[in-house]
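Coordinates in review
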Amino acid sequence: MITVESLSKSYGSFVAVDDVSFTARPGRVTGFLGPNGAGKSTTMRVMVGLTAPGTGEVRLLGRRFADLPDPGREVGVLLDASAQHAGRTGREILTIAALTMGLPRARVDEMLERVSLTPDEASRRVRNYSLGMRQRLGIGTALLGNPEVLILDEPANGLDPAGIRWMRDLLRDFADQGGTVLLSSHLLHEIEVVADDLVVIGNGRIVAQGTKEELLAGAGTLVRAADGAALATALGAAGITARPTSGGAVLAEADLTRVGQTAFAAGIAVTELRAADGAGLEEMFLALTAESQRETVNHTSTTEGAAA
Ligand SMILES: Nc1ncnc2c1ncn2[C@@H]1O[C@H](COP(=O)(O)OP(=O)(O)OP(=O)(O)O)[C@@H](O)[C@H]1O
Ligand SMILES: [Mg+2]
């Protein structure tokens with residue numbers, strides 16, 4: 001269990017994290033989603049005591065990180081896969097960590113196998129590792145002490161599709177065994193497949209949180225008509241908030257029946273009408289973080305360009 005309560009952190013007059021509160025529960029994978037610079041890493045650094053909070057606090061398994069009796073065995077952390085000592089081999093890094101935590105050396109081989117680093121790769125110096133290998137080693141280090149909580153900052157960064165699949169299964173497994181997983185990403189698709197719960201952050205503030213299902217349900221109805229303008233007008237007249245999606249449809253904040261009836265009453269032929277699914281979540285992510293997206297306009301036009 002991770003509890004973040006009214007956490008704020010400023011650098012000078014710049015507020016990087018602004019009154020952030022959320023809970024990551026055991027048995028669940030919680031995705032911490034936000035665009036670049038949203039405050040994800042800062043929040044995670046505060047969690048593990050690497051950055052002092054301004055106000056508020058974080059509790060891991062009911063205690064502050066500094067008060068955990070045996071942090072290495074309670075909380076597994078991967079914040080920056082490139083922060084490992086470049087001159088050491090992967091095996092050396094795991095061995096030192098194991099000795100520090102008082103774990104048997106056999107645990108090192110177990111972990112190397114778990115993260116699919118071959119003996120040959122494990123004997124190479126980390127400076128010669130690919131980014132994906134560093135991530136695997138970092139995840140191995142985080143899992144080494146068999147912790148109850150995992151805090152991973154962009155762990156999929158640098159992994160190939162098979163690697164992403166592997167990590168997804170590993171995190172699912174970890175949560176299914178009762179563990180708490182918090183993982184961050186700036187990519188919705190990376191997170192929506194594996195996460196049970198989502199916490200969305202933009203400009204240092206939480207803009208949405210809930211179970212993936214709740215957020216999906218909140219995403220409303222996707223509707224398309226040959227006459228898109230008439231559809232938008234009809235929805236607006238009925239008091240339904242609606243906005244165009246990048247794919248040329250309209251995302252309406254109402255259920256299927258109401259949207260269908262509104263279009264019917266206005267005599268508009270609908271060519272598509274369905275509950276907004278993953279695509280809706282993407283629209284939501286873009287909309288919710290629009291203020292904090294540096295290039296909202298560019299992003300939208302790129303998506304449209306690709307679709308056209
Ligand atoms: N030590 C620092 N001094 C000044 N500003 C900082 C410091 N650390 C972070 N920031 C600022 O705080 C904001 C949040 O940064 P953070 O690294 O938490 O974002 P992020 O959500 O992890 O983004 P990304 O997806 O790019 O990793 C950024 O604007 C960043 O420049
Ligand atoms: Mg970051």
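Details of the structure are given in the entry above.
Reading guide: rules and limits
Residues numbered from 1 in each chain as written. Chains lettered and ligands numbered in written order. Predicted model: local features only at pLDDT ≥ 70, side-chain atom pairs only at ≥ 80, totals over all residues. Heavy atoms only, no water. Phe/Tyr/Trp six-rings, centres within 6.5 Å; stacked < 30°, edge-to-face > 60°. Helix = DSSP H or I, 4+ residues; strand = E, 2+ residues; numbered from the N terminus. Buried < 20%, exposed > 50% of the residue type's maximum accessible area, 1.4 Å probe, protein only. Axes fitted to C-alpha atoms, helices over the stretch in contact; angles between N-to-C directions. Parallel < 35°, antiparallel > 145°, perpendicular 65-115°, else oblique. Contact = heavy atoms within 4.5 Å. Pairing = 2+ DSSP bridges. Patch = residues over 30% accessible without salt bridge, like charges linked within 9 Å, V, L, I, M, F, W, Y side chains within 5 Å. Areas by Shrake-Rupley, 256 points an atom, 1.4 Å probe, with all protein chains shown as cover. Salt bridge = Lys/Arg side-chain N within 4 Å of Asp/Glu carboxyl O. Near = heavy atom within 4 Å. Polar contact = N/O pair within 3.5 Å; in protein donor to acceptor, adjacent residues only side chain to side chain.

All right, on to the packing of aromatic side chains then. This structure, assessed with the given rule, holds one aromatic pair. With a centroid separation of 5.2 Å and 40 degrees between ring planes, the pair formed by Phe22 and Phe32 is classed as tilted. Of this pair, Phe22 sits in strand S2 (residues 14–24) while Phe32 sits in strand S3 (residues 29–33), and the two are 10 residues apart along the sequence. Residue Phe22 shares its accessibility class with Phe32, and that shared class is buried.

Between two packed helices, both the angle of their axes relative to each other and the distance between the axes serve to describe the pair. Between helix H6 (residues 131–143) and helix H7 (residues 161–176), the least distance of the axes is 12 Å, while the angle of their chain directions is 10 degrees. With respect to H7, the axis of H6 lies roughly parallel. On the side of H6, the interface is formed by Arg136, Ile139 and Leu143, while H7 contributes Gly163, Trp166, Met167, Leu170 and Phe174.

Another aspect to go through is the sheet that holds strand S10 (residues 221–225). Backbone hydrogen bonds hold the strands of a sheet together, and the pairing may be parallel or antiparallel. The strand order S11-S12-S10-S13 describes an open sheet built from four strands, whose pairing is antiparallel. Across the chains shown, the open sheet's two edge strands, defined by having one partner strand only, are strand S11 (242–244) and strand S13 (270–275). Averaged over all adjacent pairs, the angle separating strand axes in this sheet is 20 degrees, with direction ignored. As defined by bridge partners, S10 adjoins strand S12 (residues 250–252) across three bridges and the pair is classed as antiparallel. Opposite Thr221, over in S12, you have Ala252 as the bridge partner. With respect to the sheet, helix H10 (residues 228–237) is in contact with S10, S11 and S12, its orientation differing from that of S10 by roughly 135 degrees. Against the sheet, helix H11 (residues 256–265) touches S10, S12 and S13, its axis set at about 165 degrees to S13.

Where nonpolar side chains cluster on the molecular surface, the patch consists of Leu256, Val270 and Leu273 and spans about 200 Å² of accessible area. Looking at where Leu256 falls in the secondary structure, it is placed in helix H11. Residue classification places Leu256 among the partly exposed residues on the basis of a relative accessible area of 36%.

Counting across every chain of the model gives 13 salt bridges. With its nearest N and O atoms 3.3 Å apart, the salt bridge here joins Arg172 to Asp176. Of this pair, Arg172 and Asp176 both sit in helix H7, four residues apart, roughly one helical turn. For the salt bridge of Glu272 with Arg274, the shortest nitrogen-to-oxygen distance reads 2.7 Å. For Arg274, a relative accessible area of 29% corresponds to the partly exposed category.

Glancing now at the site of ligand 1. Neighbouring residues of ligand 1: Tyr11, Phe14, Ala16, Pro35, Asn36, Gly37, Ala38, Gly39, Lys40, Ser41, Thr42 and Glu154. One of the side-chain nitrogen or oxygen atoms of Asn36 is found 3.0 Å away from an oxygen atom of ligand 1. Contact distances for ligand 1 include 2.7 Å between an oxygen atom and a side-chain N or O atom of Ser41. Of all elements in the fold, only S2 and helix H1 (40–47) reach the threshold of two or more residues within the shell around ligand 1.

With that out of the way, let us pick up the environment of Ser123. Note on placement: Ser123 falls in the loop between helix H5 (119–122) and H6. In the structure, Ser123 is positioned 34 residues away from Thr89 in sequence and 5.4 Å away in space, judged by C-alpha atoms.

Bringing the environment of Val199 into the picture now. By the element assignment, Val199 lies in strand S8 (residues 197–202). The buried category is assigned to Val199, whose relative accessible area is 1%. Measuring from C-alpha to C-alpha, the distance between Val199 and Ala24 comes to 9.1 Å, with 175 residues separating the pair along the chain. Excluding anything up to four places from it in sequence, Val199 contacts Phe22, Thr30, Gly31, Phe32, Leu33, Ile206, Ala208 and Gln209.

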